Amino acid sequence: FGVPWTASREQQRRLLKFGVRPRRLEVATLALLGTLSQHLARTGFGNSIVVCEIEHSQTRTYVVAKDGVHTLPPLPHGLLSILESAMKDLGAPDVATAKRQLEDPPEPIRAHGRRFVRVLSRHLKPAVDHFELKTGQRIETFFCSQLPARMEWLGQALGAAVELEI
């Protein structure tokens, strides 16, 4: 905020000159929530969207609704909980091995994705239900961010586990 466009552009040029390039573009929380809010307003979508940002040891949750953005309390589980669950289910000797298996899983492992996100879904579902009960606004859509690119399929498994449309 408050940085001149020319200074920002010069920094980008310097980074490119050094060969520094991102592997993928990550949308920041504020921009993501703003974009989803604009989408709701433009399309007239009647229901709310729950947004999960799965971090290492916790998950931040937001609800983008027609009356604004609501911040829910963070969930006490994150990617580490998913990896620990996968470690047990897959019989992996450590978390690093479980992570490698989840980064490029065969179809049978993908089919059991709900088992890996079970701990997280047990906390997310009551949070969604509580919001709906408290506000009277229905949540039907789920959006997950912050997962590593090769593990994005776990976000889809989480959405399915809490019975929300991705």
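The notes below deal with the structure included here. (Residues numbered from 1 in each chain as written. Predicted model: local features only at pLDDT ≥ 70, side-chain atom pairs only at ≥ 80, totals over all residues. Heavy atoms only, no water.)

1. Some points on the pattern of salt bridges
Thought 1: A full pass over the atoms with the stated rule returns seven salt bridges.
Thought 2: In this structure, the salt-bridge partner of Glu 132 is Arg 138, at a minimum N-O distance of 3.1 Å.
Thought 3: Judged by relative accessible area, Glu 132 falls into the buried class, the value being 16%.
Thought 4: We classify Arg 138 as partly exposed; its relative accessible area is 46%.
Thought 5: Note that Glu 140 is salt-bridged to Arg 138, the shortest N-O span being 3.8 Å.
Thought 6: Looking at Glu 140, the relative accessible area reads 34%, which means it is partly exposed.
Thought 7: One connected set of salt bridges, linked through shared partners, spans Asp 89, Arg 115 and Arg 118. (Salt bridge = Lys/Arg side-chain N within 4 Å of Asp/Glu carboxyl O. Buried < 20%, exposed > 50% of the residue type's maximum accessible area, 1.4 Å probe, protein only.)

2. Focus: the side chain of Ser 85
Thought 1: Positionally, Ser 85 belongs in helix H3 (residues 79–90).
Thought 2: Judged by relative accessible area, Ser 85 falls into the buried class, the value being 12%.
Thought 3: When near neighbours in sequence (up to four residues on either side) are disregarded, Ser 85 contacts Arg 115 and Phe 116. (Helix = DSSP H or I, 4+ residues; strand = E, 2+ residues; numbered from the N terminus. Contact = heavy atoms within 4.5 Å.)

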